[in-house]
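What follows is the residue order along each chain.
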Amino acid sequence: MKKREPVSTIMTTNVYTVQENETLQDVVNIFRKHKIRHIPVLSGNKISGMISRTDINRLTFGALFDNQEGSEEAILQILSIAQVMTSKLKSVHADDPIKEVAEIFAKEEFHALPVVEGEILRGIVTTTDVIKYLLDQY
């Protein structure tokens, strides 16, 4: 196993994002269309948060993803992305070792981390990326 392999080798660089002023319905549409679970939230070109499919499921009890739309839609109209997203982010850099990212995932409750350069988003790394990397080592 390569002990100093950088995050840049496993991160996703073509990342779907939303702006803080978009709607939660926009977020749901991106989750559905692209079958992803985490979306970085931007304020202009700077990262300000992360929103996950789990965040939305907590609001709607998962009904939107089971095509059982109803009163849950009202929740998506009332709340803003900023009210739902995780704003106290931990982030990593492209040259950080994958091992350090794995340690963050093991200790924290994050399942995705933005990869940044300063405050600018360069990619995203998820627990799935780390697991796939580890599986490739065997």
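The shown structure was predicted, so the numbers you read here are calculated from the model rather than taken from an experiment.

Brief notes about the pairing of strand β4 (residues 112-117)
- Summarising burial for β4: five of the six residues are buried, a large majority.
- What sits between the antiparallel neighbours β4 and strand β5 (residues 120-126) is a turn of two residues, in which glycine 118 has the positive phi angle 70 degrees.

Section: the pattern of salt bridges
- Throughout the structure, instances matching the rule amount to five salt bridges.
- Glutamate 119 is the partner of lysine 46 in a salt bridge, and the nearest nitrogen-oxygen pair spans 3.5 Å. Here glutamate 119 lies in the loop between β4 and β5 and lysine 46 lies in strand β3 (residues 46-52), a separation of 73 residues in the sequence.
- Look at glutamate 119 and you get partly exposed, because its relative accessible area is 47%.

Remarks on the packing of helix α1 (residues 24-34) against helix α2 (residues 53-60)
- Relative orientation of the contacting elements α1 and α2 amounts to 120 degrees, with a least axis distance of 11 Å. It follows that α1 is oblique to α2 by the angle criterion. You can see that α1 and α2 cross each other, and the crossing is left-handed. Contacts between α1 and α2 pair Leu24, Val27, Val28 and Phe31 from the former with Arg53, Ile56 and Leu59 from the latter.
- Considering only residue class, the contact of α1 with α2 consists of six nonpolar, no polar and one charged.

Let's talk about helix α6 (residues 127-136)
- Buried within α6 are the following residues: Thr127, Asp129, Val130 and Tyr133. Seen along its axis, α6 keeps its buried residues to an arc of 160 degrees; they face one direction. Looking at α6, the residues exposed on the side facing more than 90 degrees away from the buried face are Lys132, Leu135 and Asp136.
- Next to the buried residues of α6 lie α5 (98-107) and β5.

Cut-off values and rules
- Residues numbered from 1 in each chain as written.
- Predicted model: local features only at pLDDT ≥ 70, side-chain atom pairs only at ≥ 80, totals over all residues.
- Heavy atoms only, no water.
- Buried < 20%, exposed > 50% of the residue type's maximum accessible area, 1.4 Å probe, protein only.
- Helix = DSSP H or I, 4+ residues; strand = E, 2+ residues; numbered from the N terminus.
- Pairing = 2+ DSSP bridges.
- Salt bridge = Lys/Arg side-chain N within 4 Å of Asp/Glu carboxyl O.
- Axes fitted to C-alpha atoms, helices over the stretch in contact; angles between N-to-C directions.
- Parallel < 35°, antiparallel > 145°, perpendicular 65-115°, else oblique.
- Left-handed = near helix turned anticlockwise from the far one by under 90°.
- Contact = heavy atoms within 4.5 Å.
- Nonpolar A, V, L, I, M, F, W, Y, C, P; charged D, E, K, R; others polar.
- Arc of directions from axis to C-beta.

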